[in-house]
Amino acid sequence: MSPDFVIRAPAKVNIGLRVLPERGDGFHGIESIFQTVDVCDELTVSPLAEKNRCVVECDTAVLPACNTLTATYVAFCQLTGCDAGVHVRLRKRIPMGGGLGGGSSDAAAFLRALAKVHDVPLTDDLADAVAGQVGSDVFFFLHCGKDGTGAALVSGRGDVVQPVAPRTDVYFVLVFPGVHSSTKEAYRLVDEDIRAGNVVSCPDFSAYEAIYRSPVSHWTFANSFTAPLEKKYPVIAQALADIKKSGAVWSDMTGSGAVVFGVYEAAEASKEAFAELNRTWKSCFLA
C-alpha cells in the first residue's frame, strides 16, 4: 500500500422518501430519489504494520469501536482473504445522525480505497456483499456512480438502486437543527402513524423520475418521516419554516432526519438564503 490514499465521501439528500410498512425480514421498504451533494468527509487510508487490524481516528468525534468503517474492513477481509492492517484518518464534515448518509458514504469510500490499494476488483457482487453487512444506504453510494456521486431511484430496503442523471441545475441549502433522531426511533414513529392511518401522500414511484425532471415548483414529493419527527422535535419544523421564508422553491427533511434542506433554482438565490439562514442556525451548508 502507498503511504497515503485519500478519498472523499459525499453526503446525500432524499428528494422524497416514502416508507412502506415493515417487511417480514424486519426491514421497511422505501421509495426515494437519492442525490449526492458536495458536502464531503475525507478519508486518508495508510498501511498499518499489524495484520488483521483497522484503526480509525476522527478529527471531530470519538467513534464507537464498531462503526461503519471497521465493519467494512471486516467484511472486505472475510470476502477477499486480505489481512493487511490499515489506519484511517477521518475528516468529518457531514453532520452525524442527520439523515445525510455520512457513515454509509464513508463505508463506500473506504471499500473503494481498500479495493484499489489491494488491487482487488470491486465487482457488483463484492460491493453488494459488503453493503449487505454494513448498512442499507451503502448500496446507493456504491452504485450511483463510479466515484460515489450522482443520483438514483432507490427502493427495496435501499438495496435496489437505479442510477439516473442527476440534476445539476439546482442548488441546495442544508440546515442541521441540532437534534439527533435515531433511525430506530424514526421508524417507530412512522409505524405508529401508519397504524393510526396517518399516511403521508406520496406520488406513485413510477412517476418519481418524471417529477424530478420537472420544474422544482411542480414537485409533489414528500418524506414519511417529516410529520412525525416535526411533532417530536418542533425545532425541525422551525428550521423548515425558516428555509421556506428564505425563498426555497421546495423543501423537506432528508432521510430520517434531522437535517432539512431547501432547493433553489438560481445560484444567487441559494447564496442569499444561506447568508440569511447562517445568521440563525449554527450548522448551515451551501451545496
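Starting from 1, residues in each chain are numbered consecutively following that chain's sequence as written. A pLDDT threshold of at least 70 governs which residues receive local features in this predicted model, and a stricter bar of 80 or more applies before side-chain atom pairs are shown or counted, although totals over entire chains, interfaces and linings include all residues. To obtain the side-chain values, all non-hydrogen atoms of the structure were used and water was disregarded.

1. Examining the overall build of the chain
Piece 1. Secondary structure summary: the chain contains nine helices and ten strands in total.
Piece 2. Both definitions apply: the radius of gyration is a C-alpha atom measure, and the globule rule equals 2.2 Å times residues to the power 0.38. Relative to a compact globule of 287 residues, whose C-alpha radius of gyration would be 19 Å, the chain shows 19 Å and is just as compact.
Piece 3. Its C-alpha atoms give the chain principal-axis dimensions of roughly 55 × 45 × 35 Å.
Piece 4. Counting all 287 residues of the chain, 53% fall into the buried class.
Piece 5. Residue contacts follow a heavy-atom distance rule, with two residues in contact if any of their heavy atoms lie within 4.5 Å. Taking contacts inside the chain between residues at least 6 apart in sequence as the whole, the part at least 24 apart equals 73%.
Piece 6. Positive charges come from Lys and Arg alone, negative charges from Asp and Glu alone, with His and the N- and C-terminal ends not counted. Taken as the charge location is NZ of Lys, CZ of Arg, CG of Asp or CD of Glu. Averaged over its 26 positive side-chain charges, the chain has a centre that lies 3 Å from the centre of its 33 negative ones. Only DSSP runs of H or I covering at least 4 residues are called helices, and only runs of E covering at least 2 are called strands; the numbering of each starts at the N terminus. Per-residue accessibility, obtained with a 1.4 Å probe over protein chains only, is compared with the maximum for each type, and a residue is labelled buried under 20%, exposed over 50%, and partly exposed between these values.

2. A word on empty space enclosed by the protein
Piece 1. In this analysis, the protein atoms alone were mapped onto a 1 Å grid. Cavities are point sets where a 1.4 Å probe fits without being able to get out; pockets are open sets with protein on both sides within 12 Å along at least five of seven lines; lining residues have an atom within 4 Å of a point. Grid points are joined across faces, edges and corners, and a volume is the space filled by probe spheres set on the points. Taken as a whole, this structure holds one cavity of 30 Å³ or more when the rule is applied.
Piece 2. As for the largest cavity, its lining consists of Arg8, Ala9, Pro10, Ser105, Ala108, Ala109, Arg112, Phe141, Asp147 and Gly148.
Piece 3. Those elements that place two or more of their residues in the lining of the largest cavity are strand E1 (5-22) and helix H2 (102-117).
Piece 4. Looking at the lining of the largest cavity element by element, the count peaks at four residues for H2.

3. Some thoughts on the packing of helix H1 (residues 68-80) against H2
Angle between the axes and distance between the axes: these two values describe a pair of packed helices.
Piece 1. Between N-to-C directions, angles span 0 to 180 degrees; the directions come from axes that are lines fitted to C-alpha atoms, helices contributing only their stretch in contact. Taken N-terminus to C-terminus, the directions of H1 and H2 make an angle of 35°; their axes are 9 Å apart at the nearest point. In this structure, the crossing between H1 and H2 has a hand that is right-handed. Across the interface between the two elements, Thr68, Leu69, Thr72, Tyr73 and Phe76 from H1 touch Gly103, Asp106, Ala107, Phe110, Leu111, Leu114 and Ala115 from H2.
Piece 2. Looking at the contact of H1 with H2 residue by residue, the classes come out as eight nonpolar, three polar and one charged. Crossing handedness is read from the near helix: turned anticlockwise from the far helix by less than a right angle, it gives a left-handed crossing, and turned clockwise, a right-handed one. Classification convention: Asp, Glu, Lys, Arg as charged; Ala, Val, Leu, Ile, Met, Phe, Trp, Tyr, Cys, Pro as nonpolar; all other residues, Gly among them, as polar.

4. What to know about the nonpolar core
Grouped burial of nonpolar side chains is what soluble globular proteins tend to show.
Piece 1. Take the buried Ala, Val, Leu, Ile, Met, Phe, Trp, Tyr and Cys residues and link them wherever side-chain atoms come within 4.5 Å; each set so joined is a nonpolar core. Residues Leu43 and Phe110 are the most contacted members of the largest nonpolar core, which totals 62 residues.
Piece 2. The element best represented in this core is H2, accounting for seven residues.
Piece 3. Not counting the four nearest positions on each side in its chain, Phe110 is found in contact with Leu43, Val45, Cys54, Leu69, Thr72, Tyr73, Val86 and Val88.
Piece 4. With 28 residues, the next largest nonpolar core counts Leu174, Tyr208, Ile211 and Val216 among its residues.

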